[in-house]
Amino acid sequence: MTAAAAARQILLRLTEVMASRLHAQTKLDQVVEIIGECLSSEVCSIYLLREGMLELFATRGLNQSAVHVTRMAIGEGLTGAIAQKVETLNLAEAKAHPDFQYRPETGEDKFHSFAGVPIVYRERAVGVLCVQHVEPRRYEEVEIEALQTTAMVLSELIANAELVDEEEARGLTAEQSGPQTLTGLTLVKGLGAGVAVYHQPRVEITQVMAEDIEAERQRVYRAFDRMREQIDSLASQAEFGVGGEHEEVLETYKMFAYDEGWSRRINEAIDSGLTAEAAIERVQQHTRMRMREIDDPLLADRMHDLEDLANRLLRIVAGQVGTAASQGLRKDAILIARNLGPAELLEYDKRRLKGVILEEGSLTAHVVIVARAMNVPVIGRTKGVRTTIREGDEILLDASAGNAIVRPLPQVADAFQARFAKSREKQAAYASLRDVEPFTRCGTRIQVMMNAGLRDDMSALGLTGADGVGLFRTEFQFLVSATLPQRERQTRLYRDVLDAAGDKPVIFRTVDIGGDKSVPYLASEIAAQDENPAMGWRALRLALEREGLMKIQARALLEAAAGRSLYVMFPMVSEPWEFDAAKQVFDEQLAFLRAQKKLLPEKINFGAMLEVPALAEVLDMLLPRLSFLSIGTNDLTQFLFAADRANPKLAERYDWLSPSILRFLRRVMRSSVGSGVDIGVCGEMGGRRLEALALLGIGYRRLSITPAAVGPIKELVRKVDLAELTAAMNGWLLSPAGSLRDELAAWAAARDIEHD
Ligand code: PEP
Ligand code: MG
């Protein structure tokens, strides 16, 4: 008999038992008989969770008097270890295993070999199924697979018969794996608490046994086809970010997606009578066990990719294609993802989203900028996420310290709440600076503006007392819509934003899509042309060539600003003619509106972003045409260092306080002296304390930063003496040893300036 046929036979017999009207306990008694017989195993036992302990519920081969008497804690003995780690054990000599514990009442001393699998319900082990043999031998793969299949069937029985209730399964978690702390890189500071929600939710398997094997086979075939198509076009998806590491990931994905062995094993599992979903999961369980046995870190990484892919396949088969956002957040949540695009993050309900844990991520990736704007704490490059965090686990995220406590103990949660309260107090203290103008100690007024991108962000203007919006990222509206936003919708947004700003200026940056800000309706065009999207057809380059896109936006802005001042800024200007071309689009639309006798803006101020280093060399030609210039340090530094801002491997490599960046920025500032052009910085750099100090020290007087940083930066400004700071900066930049971080930190500390 083939392995599949043998497995099918077990499954058929189990089906009969499950379909019968017998009492749940009787069913369990029959299951242990069937398994014991089919695997010619002297012992087969089922342990289920009751009141936090694994209790022997049914056995063949051990003393019947031990049933409902023998109880093991999670983590205790082999059974407890299987439940705790949710993993399979296959041992020729049970006694040799360090976790082995002898229970005399069971009469198990004569048995040598042992194999056990967890019974998993809602991702948690709620029991253990095990077999034992007198003869010391390891069980064969087909036998282990049969056990795994049976465990899946049992979990269905357990769910239907309510042998283990959900509350208990949940209540057990703390003991099951206990509190854990994961560490990562701080991407957006802050504290947040909520339940774990995976961006790509796992599929719950509700039916294990197939009714029609051929139909299941067809479902899997189709799912494989869809998955392969998806993988082939993944390169263009924001989920994977851009550049570097994702190439490797994609290669691995491709390798698995086209791996004949994987699809064959799934097919064999279907042959044995499982549904497509159960077959995928069963094969995955088996692979997990094999990988653990090999214990190689490189393979562990691969396993992570395969898990991702198996999940994708499961979601396709089960028809669950949406992300957690489409299902809506029901509680305060900490979102977990490998990586996210900014648009994907924006789909979540802001009120419920309390934090994000990414396995990748970098400081200036747009998703992080969006999170910062939403005031959602984020850590990135977090290790061990998938093995530690299960959907629904309670999480305390301390993004400022770069860690997340999973399943915290009550006293830890209390301490966290106390810190939360403290941090709110601090926020309140910053809020009290709202009406305080940021003058330095020496009396210079610094412009502290804020960055925004959504209608909702505008409330922060009043709350922080920022001097205006120094960067309104108009593309956010493009990112959140499924299609290109109509002109009327754009006009409405811009008008609302201007209304909310009142007398304060708002600098609208024209669309900057492309790079890591991909939109579905342009994705194919961008991906088809660009191997390197950050340096590709994006921002102004794209806007100038997309007939209509720029015109529509120009008209929307001009109409929205009728009767008031309008500030327009062009992103990614690389040569002066691009600025001229963009301005011309506005001039034409202005002429059109004038001819229509429409009310025009009172004054239009045009500005450019300096993000491409080449522009610095021709500033003398550009400056006379500008009323302001804003330095986008996020892009600028990626181009200066040739280091992709979204590549997690480079996330910590270069410092904004490196002499190369600071000297460059100082040179730009010096070359603008006397031009009358207002120069500022609107990259993330300006919102960080030491970086802001450095910028003040090399001459910058206007910073546009994330709203949460407005209070802290105002506070900092008030403690600075510019002459002293400038002298110090010039001194350090004369012959720097490396990054100026330590020097600036010491300088700040000596002046009672916070600098975490
Ligand atoms: C920048 O590049 O620094 C910038 C402010 O623009 P964005 O982050 O939106 O690319
Ligand atoms: Mg930029």
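Residues numbered from 1 in each chain as written. Chains lettered and ligands numbered in written order. Predicted model: local features only at pLDDT ≥ 70, side-chain atom pairs only at ≥ 80, totals over all residues. Heavy atoms only, no water.

### Some remarks on the overall build of the chain
Reasoning step 1: Broken down by element type, the chain carries 31 helices and 22 strands.
Reasoning step 2: With the principal axes as the frame, the chain shows a C-alpha extent of 95 × 55 × 45 Å.
Reasoning step 3: Going through the 756 residues of the chain one by one, you find that 58% of them count as buried.
Reasoning step 4: Computed over 90 positive and 107 negative side-chain charges, the separation of the two mean positions in the chain equals 6 Å. (Helix = DSSP H or I, 4+ residues; strand = E, 2+ residues; numbered from the N terminus. Buried < 20%, exposed > 50% of the residue type's maximum accessible area, 1.4 Å probe, protein only. Lys, Arg positive; Asp, Glu negative; His and termini not counted. Charge placed at Lys NZ, Arg CZ, Asp CG, Glu CD.)

### Here's the deal with the site of ligand 1
Reasoning step 1: What surrounds ligand 1 is a group of 16 residues, the closest being Arg473, Arg509, Glu611, Asn634 and Arg645.
Reasoning step 2: Backbone polar atom of Asn634 to an oxygen atom of ligand 1: 2.7 Å apart, as the coordinates give it.
Reasoning step 3: Within the side chain of Asp635, one N or O atom sits 3.0 Å away from an oxygen atom of ligand 1.
Reasoning step 4: Here ligand 1 has 280 Å² of accessible area as a free molecule, and 100% of this is covered by the chains.
Reasoning step 5: Of all the elements in the fold, those that place two or more residues in the shell around ligand 1 are helix 14 (366-374), strand 16 (469-473) and helix 26 (633-640).
Reasoning step 6: With three residues, the single largest contributor to the shell around ligand 1 is helix 26.
Reasoning step 7: Here the shell around ligand 1 is built from residues that sort into four nonpolar, five polar and seven charged. (Near = heavy atom within 4 Å. Polar contact = N/O pair within 3.5 Å; in protein donor to acceptor, adjacent residues only side chain to side chain. Areas by Shrake-Rupley, 256 points an atom, 1.4 Å probe, with all protein chains shown as cover. Nonpolar A, V, L, I, M, F, W, Y, C, P; charged D, E, K, R; others polar.)

### Looking at unusual backbone geometry
Reasoning step 1: Notably, Glu51 is not glycine yet its phi reads approximately 45°, a positive angle.
Reasoning step 2: Inspection of the secondary structure puts Glu51 in the loop between strand 1 (43-50) and strand 2 (53-60).
Reasoning step 3: We classify Glu51 as exposed; its relative accessible area is 66%.
Reasoning step 4: Positioned with a positive phi, Asn375 is a non-glycine residue whose angle comes to about 65°.
Reasoning step 5: Mapped onto the elements of the fold, Asn375 is located in the loop between helix 14 and strand 12 (378-380).

### Observations regarding helix 29 (residues 707-717)
Reasoning step 1: For helix 29, the buried fraction is high: nine of the eleven residues fall into the buried class.
Reasoning step 2: For helix 29, every residue scored as buried is listed here: Pro707, Ala709, Val710, Gly711, Pro712, Ile713, Lys714, Leu716 and Val717.
Reasoning step 3: For helix 29, the secondary structure elements touched by its buried residues are helix 16 (410-431), strand 15 (447-452), helix 17 (459-464), helix 28 (689-697) and strand 22 (702-705). (Contact = heavy atoms within 4.5 Å.)

### What to know about the sheet that holds strand 14 (residues 403-406)
Reasoning step 1: With mixed pairing, the eight strands of this open sheet are ordered in space as 7-14-13-9-10-11-12-8. With partners counted over all chains shown, the strands left at the sheet margins are strand 7 (180-183) and strand 8 (185-188), one partner each. Strand-to-strand twist across the sheet, computed as the mean angle between neighbouring axes with direction ignored, equals 30°.
Reasoning step 2: Where strand 11 (residues 353-358) and strand 12 come together, two bridges link them in parallel fashion. Note that in strand 12 the partner of Ile357 across the bridge is Ile379.
Reasoning step 3: Seen against the sheet, helix 14 touches strand 8, strand 11 and strand 12 and runs at an angle of roughly 60° to strand 8.
Reasoning step 4: Along the sheet face, helix 16 touches strand 9 (191-198), strand 13 (394-398) and strand 14 and points at about 125° away from the line of strand 9. (Pairing = 2+ DSSP bridges. Axes fitted to C-alpha atoms, helices over the stretch in contact; angles between N-to-C directions.)

### Quick word on the pattern of salt bridges
Reasoning step 1: Under the counting rule described, the total for this entry stands at 42 salt bridges.
Reasoning step 2: For Asp398, the salt bridge is made with Arg419, and the minimal N-O distance between the two is 2.5 Å. In this pair, Asp398 is assigned in strand 13 and Arg419 in helix 16, connecting sequence segments 21 residues apart.
Reasoning step 3: Taking the shortest distance from any N to any O, the salt bridge between Asp635 and Arg645 comes out at 2.9 Å. Taken together, the residues span a long stretch of sequence, with Asp635 in helix 26 and Arg645 in the loop between helix 26 and helix 27 (659-672) at a distance of ten residues. (Salt bridge = Lys/Arg side-chain N within 4 Å of Asp/Glu carboxyl O.)

### Description of the nonpolar core
Reasoning step 1: Ranked by size, the top nonpolar core spans 129 residues in total, and within it Leu345, Phe570, Leu610, Leu629, Leu693 and Tyr700 carry the most contacts.
Reasoning step 2: In terms of residue count, the dominant contributor to this core is helix 22 (residues 549-560) (seven residues).
Reasoning step 3: Beyond its immediate sequence surroundings of up to four residues, Phe570 is in contact with Thr510, Leu540, Met550, Phe579, Ala582, Lys583, Phe586, Phe606, Gly607, Ala608 and Met609.
Reasoning step 4: With 62 residues, the next largest nonpolar core counts Ile46, Met152, Val208 and Ile280 among its residues. (Core = buried A, V, L, I, M, F, W, Y, C linked by side-chain atoms within 4.5 Å.)

### Thoughts on the coordination of the magnesium ion (ligand 2)
Each pair of donors in an ideal octahedron of six around a metal sits at 90 or 180 degrees, and each pair in an ideal tetrahedron of four sits at 109.5 degrees.
Reasoning step 1: Protein coordination at the magnesium ion (ligand 2): the donors are Glu611 (OE) and Asp635 (OD), at 1.9 to 2.0 Å from the metal. Of the two residues, Glu611 is situated in the loop between strand 19 (603-610) and helix 24 (613-616) and Asp635 in helix 26; the sequence distance between them amounts to 24 residues.
Reasoning step 2: The buried category is assigned to Asp635, whose relative accessible area is 2%. (Donors = N, O, S within 2.8 Å, 3.2 Å for Na, K, Ca; no water.)

### Re the side chain of Asn451
Reasoning step 1: Position of Asn451 relative to the elements: it lies in strand 15.
Reasoning step 2: The exposure class assigned to Asn451 is buried, which follows from its relative accessible area of 5%.
Reasoning step 3: A polar side-chain atom of Asn451 sits 2.5 Å from a polar atom in the side chain of Ser704.
Reasoning step 4: Those residues in contact with Asn451 that sit more than four places away from it in its chain are Gly470, Leu471, Arg473, Cys682, Glu684, Ser704, Ile705, Thr706 and Pro707.

### Digging into the confidence of the model for the chain
Reasoning step 1: Per-residue pLDDT for the chain averages 87, and the proportion of residues at 70 or more is 92%.
Reasoning step 2: Note on residues 237-245: pLDDT is under 50 here. Beyond four places in sequence and across chains, it has 28 contacts. (pLDDT = per-residue confidence, 0-100.)

### Considering the environment of Leu340
Reasoning step 1: In this structure, Leu340 sits in the loop between strand 10 (333-337) and helix 13 (342-346).
Reasoning step 2: Taking C-alpha positions, Leu340 is 26 Å from Arg489, a pair spaced 149 residues apart along the chain.

### Considerations on the packing of helix 28 against helix 30 (residues 722-734)
Reasoning step 1: Direction vectors running N to C along helix 28 and helix 30 enclose 95°, while the axes themselves pass 8 Å from each other. By the angle between their axes, helix 28 is roughly perpendicular relative to helix 30. Only Leu722, Leu725, Thr726 and Met729 of helix 30 make contact with helix 28, whose side of the interface consists of Leu693, Ala694, Leu696 and Gly697.
Reasoning step 2: Grouping the constituent residues of the contact of helix 28 with helix 30 by class yields six nonpolar, two polar and no charged. (Parallel < 35°, antiparallel > 145°, perpendicular 65-115°, else oblique.)

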